[in-house]
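Observations on the three-dimensional arrangement
In case you want the letters, here they are:
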Amino acid sequence: SAVISQKPSRDICQRGTSLTIQCQVDSQVTMMFWYRQQPGQSLTLIATANQGSEATYESGFVIDKFPISRPNLTFSTLTVSNMSPEDSSIYLCSVELVRQTQYFGPGTRLLVL
Amino acid sequence: RKEVEQDPGPFNVPEGATVAFNCTYSNSASQSFFWYRQDCRKEPKLLMSVYSSGNEDGRFTAQLNRASQYISLLIRDSKLSDSATYLCVVNEGYSTLTFGKGTMLLVSP
C-alpha cells in the first residue's frame, strides 16, 4: 500500500466560496482519482486526475464546478467551486497501486453553510 | 446504468457467529471485484479482492459467480472489531470503480 494524505481533513465553508483539497501520496502513481461520499451514501467517482492533461470527468460532474490539477505523479488537488449546502460531503482521493486496485486517502469532510 | 446492489442491513450478530453478505452487479463486462471495509467516519480500506476460484484470507472468504453476477463475503468467528460497513466494489474497466451502498455489520458481545 501507500501513505496517502489529504488536507484539510475537514472544513466549514460559507456558500459561494471555493475550497481546494490537496492529496499527496508517498510514491509515484499513474492513476489518481477523486470521489465524493454524501451523507449515508456510498462513493461516487467525480473524475480521474491525469498527469499532464485535463482530468476526465464522470457524468454529472464538470470542470467548472470541480477543477482538478495533477502537476506530478504524487500530488493532486480538487477544488469545489461556488459551494452550496448540497456540496456538503466527504471528498476522497484514491490511487491505483496495482492493477485495478485502489487505495483511499483519509478524506476531507466539508460542511457548507 | 451500471449498478451494484447490496442488502443494507444492519446485520446484528453475536461474537463468534458466521455471517454472509451478498452482492449483485449489473454489468456483465465487469473485470474485477473487491470487498472494502469502511469504519464510521473513516475511508474505505481494501479487505480483499474476489476471484472466480474463490479466495480466503483468515476468517474471510470471498466468492464470485460470473454467470449469476453475484459476489459473496463470508466472515467466520465474528469479532467485535469486525463491526463496520462492508462495500462491494466492481471495476468496470479503465479503473472505473462502482460501489455498492454497503452492508452494515454490528457484532455484539
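Residues numbered from 1 in each chain as written. Chains lettered and ligands numbered in written order. Predicted model: local features only at pLDDT ≥ 70, side-chain atom pairs only at ≥ 80, totals over all residues. Heavy atoms only, no water.

**As for the confidence of the model for chain A**
- Summarising the model, chain A shows a mean pLDDT of 94, and 100% of its residues fall at 70 or more.
- In the model of chain A, strand β10 (residues 101–104) of chain A stands out as the element of lowest mean pLDDT, 92, in contrast to strand β3 (residues 19–25) of chain A, which has the highest, 98. (pLDDT = per-residue confidence, 0-100. Helix = DSSP H or I, 4+ residues; strand = E, 2+ residues; numbered from the N terminus.)

**Remarks on the packing of aromatic side chains**
- Across all of its chains, the model carries eleven aromatic pairs over all chains by this definition.
- Here Phe-61 of chain A and Phe-66 of chain A contribute two aromatic rings whose centre-to-centre distance is 5.6 Å and whose plane-to-plane angle is 65°, an arrangement assigned as edge-to-face. For the residue pair Phe-61 of chain A and Phe-66 of chain A, the accessibility class agrees, reading buried in each case.
- Centroid distance Tyr-36 of chain B to Phe-99 of chain B: 6.1 Å. Interplanar angle 50°. Geometry classified as tilted. Here Phe-99 of chain B lies in strand β10 (residues 97–99) and Tyr-36 of chain B lies in strand β4 (residues 32–38), a separation of 63 residues in the sequence. (Phe/Tyr/Trp six-rings, centres within 6.5 Å; stacked < 30°, edge-to-face > 60°. Buried < 20%, exposed > 50% of the residue type's maximum accessible area, 1.4 Å probe, protein only.)

**Here's the deal with the interface of chain B and chain A**
- At the junction of the two partners, chain B supplies 19 residues and chain A supplies 20 residues.
- Summed over both partners, the interface of chain B with chain A comes to about 1,600 Å²; 47% of that surface belongs to carbon and sulfur atoms.
- Connecting chain B to chain A are zero salt bridges.
- One can count four residue pairs in polar contact (both at pLDDT 80 or more) joining chain B with chain A.
- Looking at the side of chain B that touches chain A, the elements with two or more residues in it are β4, β5 (45–50), β9 (84–91) and β10 of chain B.
- At four residues, the largest contribution of residues to the side of chain B that touches chain A is made by β4 of chain B.
- Taken together, the residues that form the side of chain B that touches chain A break down as seven nonpolar, eight polar and four charged. (Contact = heavy atoms within 4.5 Å. Buried area = accessible area lost by both parts, 1.4 Å probe. Salt bridge = Lys/Arg side-chain N within 4 Å of Asp/Glu carboxyl O. Polar contact = N/O pair within 3.5 Å; in protein donor to acceptor, adjacent residues only side chain to side chain. Nonpolar A, V, L, I, M, F, W, Y, C, P; charged D, E, K, R; others polar.)

**Considering the sheet that holds strand β8 (residues 70–75) of chain B**
Residues and elements named next belong to chain B.
- The strand order β1-β3-β8-β7-β6 describes an open sheet built from five strands, whose pairing is antiparallel. Edge strands, defined here as strands with exactly one partner in the open sheet, are β1 (4–6) and β6 (55–57). Along the sheet, successive strands turn relative to each other by an average axial angle of 20°, direction set aside.
- In the sheet, β6 pairs with strand β7 (residues 60–65) via three bridges, with the strands oriented antiparallel. Note that in β7 the partner of Glu-56 across the bridge is Thr-61. (Pairing = 2+ DSSP bridges. Axes fitted to C-alpha atoms, helices over the stretch in contact; angles between N-to-C directions.)

**Quick notes on the sheet that holds β3 of chain A**
All names here are of chain A.
- The sheet built from four strands is open, its strands ordered β1-β3-β8-β7 with antiparallel pairing. On the outer flanks of this sheet lie β1 (4–7) and β7 (68–72), each paired with one strand and no other. Strand-to-strand twist of the sheet, defined as the mean angle between neighbouring strand axes without regard to direction, takes the value 15°.
- Where β7 lies against strand β8 (residues 75–80), three bridges are found, and the strand directions are antiparallel. Each residue of the ladder has a partner; that of Asn-72, found in β8, is Phe-75.

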